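Breakdown of the fold
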Amino acid sequence: MHFNHWKNDEDLTNMFQFSDRCARVYICLASTVEDDETIENGGQGLNETIVGSNSLVPYSTRDVDIRMQSRGFHQRCAESHVGPLESSRFESAILGCPWKVTARAVGRTKIVQVHTFRNEHNHSLEDVSISEPVVRCNRATAMIDDVIRSNPDYLPRQICKDFRRQYGMQLNYCQAWNLKEKAKERIHGVPQCSYKLLPWLCTRLIETNPGTIAEYRCSDDGHFMQLFVALSVSIHGFQLGCRPIISIDSSHMSGPYKGALFSASSYDADDGMFPLAYGLFNSENYEDWLWFLEKLKMVIGERDVIIISDRHQGIIRSVSEVFGSENHAYCYRHIKENFSSFLTKLNTKGRKGKENALQMLDSIAYARLDCDYEVAMDTLRTFNHDLAKWVEENNPQHWAISKFKKMRWDKMTRSLLVEHKNGLVKWNGCIGPKTEEKIALNIGKGENYITYLHLGSSMKVSNGKAFLEVNLMERTCTCKAWQMSGIPCDHACAAIRRMGFDVSDYVDDWYKYNLQEKIYSGSMRTLVTHDMPMIDEDGTVRDALGHTYPFLNPPTTKRPPGRPRKRRIESQFM
């Protein structure tokens, strides 16, 4: 910082108030120099500088009689019989010549060493008061904190632009990134402390929300390894109304300790994702997935469920052991991505050939009848024998609808979580908006179908290509779409309307309003944290009454082999 006038005590006060945010500043009175006062940040044995009335006098911290930290500056000045600094006593030493101030951290301490010196060559330095940049920095720091609270995705490059536009400050990317990280620490605390408080947080979560499962594991030397959390409100909602199908997924985390976030989600009555459980792990392997799924099994109980996931080897093995291989459905999007990669290696008939092959794979995956599956396979085999062989070798019984023997409600892929509780106000009747859209589409398709009464509750429906049999009593259609999804297909809609009935009455109860209401009938109590313990300098977790608590150390992480990937590989089939 360059300046060539320091006009009053207010400027000095502003400097200390600003410094209070980022360092411990010490005010010293040197006994060996009369009427000299200093502003310095230092530690034992550091050489400092005293601002005198006519000159700069170097001195050692051995000569310091009084040292006060900046926090509570005015109060400690009064207690130590040291009055506030009067600018008139050193005005002549500061005004009239250019000055330069530099600062550096002292080791790993919170002390900053400040150097002040004159520019003897009298270069053209910017004429600016100390209070102006201090006030701007104060405002900028507050702005960063406010923005990060409301928008955690505030990017460093945007910080650079905002600082340049609002405060006239030129930051590089690294400086902006550090500003954001410091703001996150001020708001959320240091990451290491989060792990130390984890045992206390799990206990408090269970106390505040009875029925919650919150368990963790650590290594023999106390380092974090695994965490599983299923909130009571999620368990309650799943048991009361969610369909018995669960999507599990994982996401690699950034930050100083890396690791992976596991999640398990079900589906509500309007086909929305319903969060069931999550886990935090320092890695992703078979042992981690097995532990997570064993805890998930405690939430589900003896209920028979379908698990949808990608084909991570740890997941395949652990799902088979906990839920059974026959209940494991592979995410079709993951299958399609693998198929696309194999296509690229084969370089099959250019871009158009690749698009055709992917459409053939869709026909195989979504075929409901065995005969349609075989027709689609023959088409692909004619197109390229190697592609058909790839399909046969990649377990179609786990992802092709016609080959998967259990009901999966047409769920072919994993999805993102969204908020649905407030969506109840959008329901116009007994079924949700998404289900209404599907029914409206099926009614439109079957509007011109020809229907015939057959036997009992059975009807024959002609779509112009074939005759299909619909049984209203058993709620089935020979196309199998009705029994697979629980929503009347286009043939069933034609038959139901031919009889003068309401199609929504033939929708599975899983999609009805009363179940949606039950799913979201629970509530979560806010976690009480006013008595959260603090972390001592030695790492002990202790509350205000002196009670100590068990704590965890951060996970031991290793840098993955190879160069870090600069760009994330996005899915082609989002």
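Nothing here was measured: the structure is a model prediction, and the numbers come from that model.

Analysis parameters
Residues numbered from 1 in each chain as written. Predicted model: local features only at pLDDT ≥ 70, side-chain atom pairs only at ≥ 80, totals over all residues. Heavy atoms only, no water. Helix = DSSP H or I, 4+ residues; strand = E, 2+ residues; numbered from the N terminus. Buried < 20%, exposed > 50% of the residue type's maximum accessible area, 1.4 Å probe, protein only. Contact = heavy atoms within 4.5 Å. Areas by Shrake-Rupley, 256 points an atom, 1.4 Å probe, with all protein chains shown as cover. UniProt positions renumbered as here; feature names shortened; annotations may be inferred. Patch = residues over 30% accessible without salt bridge, like charges linked within 9 Å, V, L, I, M, F, W, Y side chains within 5 Å. Salt bridge = Lys/Arg side-chain N within 4 Å of Asp/Glu carboxyl O. Axes fitted to C-alpha atoms, helices over the stretch in contact; angles between N-to-C directions. Parallel < 35°, antiparallel > 145°, perpendicular 65-115°, else oblique. Nonpolar A, V, L, I, M, F, W, Y, C, P; charged D, E, K, R; others polar.

Some remarks on the overall build of the protein
Each helix and strand in the protein was counted, giving 18 helices and 22 strands. Going through the 574 residues of the protein one by one, you find that 45% of them count as buried. Within the protein, contacts between residues separated by at least 24 positions form 61% of all contacts whose residues are at least 6 apart in sequence. Here the protein has roughly 31,700 Å² of accessible surface; of this, 50% comes from carbon and sulfur atoms.

A short note on the UniProt feature "domain: SWIM-type" (unreviewed entry) in the protein
UniProt records the feature "domain: SWIM-type" (unreviewed entry) at residues 468–500, using the numbering of this structure. For residues 468–500, helix accounts for 42% and strand for 18%, while the C-alpha atoms at its two ends are 19 Å apart.

A word on unusual backbone geometry
In this structure, Lys-258 is a non-glycine residue whose phi angle is positive, near 55 degrees. Note that Lys-258 resides in the loop between strand S11 (245–252) and strand S12 (260–267). Backbone geometry places Arg-475, a non-glycine residue, at a positive phi of 55 degrees. Position of Arg-475 relative to the elements: it lies in the loop between strand S18 (467–471) and strand S19 (476–477).

Examining the environment of Ile-335
Among the secondary structure elements, Ile-335 is positioned in helix H11 (residues 332–346). In this structure the C-alpha to C-alpha distance between Ile-335 and Asp-310, which are 25 residues apart in sequence, comes to 8.1 Å. Every residue in contact with Ile-335, bar those within four places of it in the chain, is listed here: Arg-311, Tyr-330, Trp-390 and Trp-399.

Topic: the side chain of Ser-232
Among the structural elements, Ser-232 can be located in helix H8 (residues 232–241). Given the relative accessible area of 17%, Ser-232 is considered buried. Setting aside residues up to four positions removed in sequence, Ser-232 forms contacts with Asn-209, Pro-210, Gly-211 and Thr-212.

Remarks on a nonpolar patch on the surface
Where nonpolar side chains cluster on the molecular surface, the patch consists of Ile-450, Tyr-452 and Phe-467 and spans about 320 Å² of accessible area. Counting through the fold element by element, Phe-467 comes out in strand S18.

A few points about the pattern of salt bridges
Counting across every chain of the model gives 17 salt bridges. Here Lys-184 and Glu-181 are joined by a salt bridge, their closest N and O atoms 3.3 Å apart. Note that Lys-184 and Glu-181 are positioned in helix H6 (residues 173–188) at a spacing of three residues, about one turn of the helix. A residue is classified by how much of its surface remains accessible, and Lys-184, at 31% relative accessible area, is partly exposed. What makes Glu-181 partly exposed here is its relative accessible area of 24%. Salt bridges here are not isolated pairs; linked through shared partners, they connect Arg-204, Glu-207 and Asp-531.

With respect to the packing of helix H13 (residues 370–383) against helix H14 (residues 385–393)
Two numbers describe how H13 lies on H14: the axes approach to 5 Å, and their chain directions differ by 140 degrees. On the basis of the axis angle, H13 is oblique to H14. Seen from H13, the contacting residues are Tyr-373, Met-377, Leu-380, Arg-381 and Phe-383; seen from H14, they are His-385, Leu-387, Ala-388, Val-391 and Glu-392. A class-by-class count of the residues in the contact of H13 with H14 yields seven nonpolar, one polar and two charged.

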